[in-house]
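Spelled out from the first residue to the last, the chains are:
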Amino acid sequence: MSSAVTHFAHGFITPLLAYVMSCIGSMLGLRLTAQAHASRGGARVRWLLGAAISIGGTGIWVMHFIAMMGFQVDGTQIRYDVPLTAVSAVVAIVVVGTGLFLVSYGGGRVLALLGGGLLTGLGVASMHYLGMYAMNMSAHVSYDRATVAASVAIAVIAATTALWFTLRVKRPIWITLAALVMGVAVSGMHYTGMLAMEVTVDHEAGVVEGADALDFLVPLMTVISLITLTMLLMVILSPSEEELHEDAELAARLEQRRLASAPITATPVAQSSFAAPAERRGGQPLFAAPVPDVQPTGGQAPYPGAPGGQPPYPPEAAQDREPGRSRGGRSRRGR
């Protein structure tokens, strides 16, 4: 027989909380991608991996299962297959990460954006229906194909829009607005897919295997949410792309100023005043008087007092210096 399917068993608290978590995950993912675009090498890869965990893990997967907390089917108990639920989380993170890497390293080309959006959207839809398949209940579940196609189309459009936001949105105010839009898109995709479900409860209720939502999903979602909030605090405390750009410009200006103030050529260090005179004057004595061009004759030494017996004065000067004669040639004896 047909059963009443309730999507809001706890009122609007579950869809509101799911939307808030989707916005938080999307906001953090956009902020991380902005950091990735301002980084290079291994740092860029780490920021993109963090963005994949934020958008795929918190923005999509956590949002999905928080919304599922309000899903009930009258006449049967709902439990979850633990391995399939864990695989659905891995699928969400992997496909979002793949799309982010394609767009980030694709240089913003349209083909890379469309390819990444299509791959990510199909992956998000696969995560959604894999999570639905992980539900165990004593009932038969079928889906309306047209509604399923509509949910997949919404997922592809939402994923493409999210990837486009990662390329264009840099300022905090625009990141916040983009996260609000992404939260609406993800929530719309989820509830559209839930409307495609048709449940028929079995006449005889059987044993339902699996883990209860409160015993399994709540602790897992709590851990992922805490990780997300920790990364959000790390991103808030880290410098933004604009701040990194301003720091780089300031460093460049300081370097130019330092180079402009530095001398063009270095002046060689003056030689020590204690160096030898010959070393300071290229082999010539520093205080030596010029030597007259006199050719030594008769083995005479070239300067006074040198070995060889050369008189201390030239011959003409020697005549003037004879004993008893003055320099003017007159004798001092007649005086």
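Everything below is about the structure shown above.
Now for a quick tour of the structure.

Reading the values: the criteria
- Residues numbered from 1 in each chain as written.
- Predicted model: local features only at pLDDT ≥ 70, side-chain atom pairs only at ≥ 80, totals over all residues.
- Heavy atoms only, no water.
- Helix = DSSP H or I, 4+ residues; strand = E, 2+ residues; numbered from the N terminus.
- Buried < 20%, exposed > 50% of the residue type's maximum accessible area, 1.4 Å probe, protein only.
- Contact = heavy atoms within 4.5 Å.
- Areas by Shrake-Rupley, 256 points an atom, 1.4 Å probe, with all protein chains shown as cover.
- Expected span 1.5 Å × (residues − 1).
- Polar contact = N/O pair within 3.5 Å; in protein donor to acceptor, adjacent residues only side chain to side chain.
- Pairing = 2+ DSSP bridges.
- Axes fitted to C-alpha atoms, helices over the stretch in contact; angles between N-to-C directions.
- Left-handed = near helix turned anticlockwise from the far one by under 90°.
- Nonpolar A, V, L, I, M, F, W, Y, C, P; charged D, E, K, R; others polar.
- Core = buried A, V, L, I, M, F, W, Y, C linked by side-chain atoms within 4.5 Å.
- Parallel < 35°, antiparallel > 145°, perpendicular 65-115°, else oblique.
- Patch = residues over 30% accessible without salt bridge, like charges linked within 9 Å, V, L, I, M, F, W, Y side chains within 5 Å.
- Salt bridge = Lys/Arg side-chain N within 4 Å of Asp/Glu carboxyl O.
- Phe/Tyr/Trp six-rings, centres within 6.5 Å; stacked < 30°, edge-to-face > 60°.
- Lys NZ or Arg CZ within 6 Å of the ring centre and 35° of its normal.

The subject of this paragraph is the overall build of the protein. Within the protein, the regular secondary structure consists of ten helices and six strands. Looking at the protein as a whole, 37% of its 335 residues are labelled buried. Once local pairs closer than 6 in sequence are excluded, the contacts in the protein between residues at least 24 apart make up 83%. Total accessible area on the protein is roughly 19900 Å²; 65% of this is exposed by carbon and sulfur atoms.

What follows concerns the side chain of Arg44. Looking at where Arg44 falls in the secondary structure, it is placed in helix α2 (residues 42–68). Looking at Arg44, the relative accessible area reads 15%, which means it is buried. The contacts of Arg44, once residues within four sequence positions are left out, are Ala36, His37, Ser39, Ser104 and Tyr105.

As a further point, take helix α3 (residues 82–105). End to end, α3 covers 35 Å across 24 residues, agreeing with the expected 34 Å (1.5 Å per residue, within 8%). Buried residues belonging to α3 abut α1 (13–37), α2, β3 (79–80), α4 (110–133), α5 (145–168) and α7 (213–237). Residue Asp81 occupies the N-cap position of α3, its side-chain oxygen lying 3.4 Å from the main-chain nitrogen of Leu84. One or two steps after α3, the chain reaches Gly107, where phi turns positive at roughly 70 degrees.

The alternating pattern of strand β6 (residues 197–201) places Met197, Val199 and Val201 on a buried face and Glu198 and Thr200 on a face that is not buried. Taken together, the five bridges between strand β5 (residues 139–143) and β6 define a ladder with antiparallel strand orientation. Of the residues in β6, the one forming a bridge with Ala139 is Val201.

This part is about the packing of α2 against α7. Running from N to C, α2 and α7 cross one another at 140 degrees; their axes reach a closest spacing of 10 Å. In this structure, the crossing between α2 and α7 has a hand that is left-handed. Here Trp47, Gly50, Ile53, Ser54, Gly57, Thr58, Trp61, Val62, Phe65 and Ile66 of α2 lie close against α7, whose contacting residues are Leu217, Leu220, Met221, Ile224, Ser225, Thr228, Met231 and Val235. Across the contact of α2 with α7, the residue classes break down as twelve nonpolar, six polar and no charged.

All right, on to the nonpolar core then. Core analysis: the biggest nonpolar cluster contains 61 residues, and Trp61, Phe71 and Met135 have the highest contact counts within it. Only α1, α2, α3, α4, α5, α6 (172–195), β6 and α7 provide two or more residues apiece to this core. Per-element accounting of this core gives the leading share, twelve residues, to α2. Beyond its immediate stretch of four places on either side in the chain, Trp61 contacts Gly56, Thr85, Ser88, Ala89, Ala92, Met127, Leu220, Met221 and Ile224.

As a packed pair, α3 and α4 sit with axes 8 Å apart at the nearest point and diverge in direction by 175 degrees. Between α3 and α4, the crossing angle belongs to the class labelled roughly antiparallel. Taking contact as the criterion, the partners of Leu84, Val87, Ser88, Val91, Ala92, Val95, Val96, Thr98, Gly99, Leu102 and Val103 in α3 are, on α4, Ala112, Leu113, Gly116, Leu119, Thr120, Gly123, Val124, Met127, Leu130, Gly131 and Tyr133. Here the residues of the contact of α3 with α4 sort into 15 nonpolar, seven polar and no charged.

Tracing the backbone shows Ser54 in helix α2. Discounting residues that sit within four places of it in the chain, Ser54 has contacts with Gly25, Leu28, Gly29, Leu32, Gly59 and Met231.

Along the chain, His37 falls in helix α1. Taking the C-alpha atoms as reference, His37 lies 7.5 Å from Ser104; in sequence the two are 67 residues apart. Other than its neighbours up to four places away in sequence, His37 contacts Arg44, Ser104, Thr166, Leu167 and Lys170.

With that settled, the discussion passes to the environment of Met63. Tracing the backbone through its elements, the reader meets Met63 in helix α2. Discounting residues that sit within four places of it in the chain, Met63 has contacts with Ala18, Ser22, Thr58, Val186, Ser187, His190 and Tyr191.

Below, the discussion takes up a nonpolar patch on the surface. Taken together, Ile173, Trp174, Leu177 and Leu180 make up a surface patch of nonpolar side chains, about 400 Å² in accessible area. Residue placement: Leu177 occurs in helix α6.

Scanning the entire structure with this criterion turns up seven aromatic pairs. A centroid spacing of 6.0 Å and a plane angle of 5 degrees characterise the contact between Phe101 and Tyr105, whose relative ring orientation is stacked. With Phe101 and Tyr105 both in helix α3, this residue pair falls four residues apart, about one helical turn. Site record: aromatic cluster; members linked through ring pairs are Phe8, Phe12 and Tyr191. Here the basic side chain of Arg44 rests over the ring of Tyr105, its NZ or CZ set 4.6 Å away from the ring centre.

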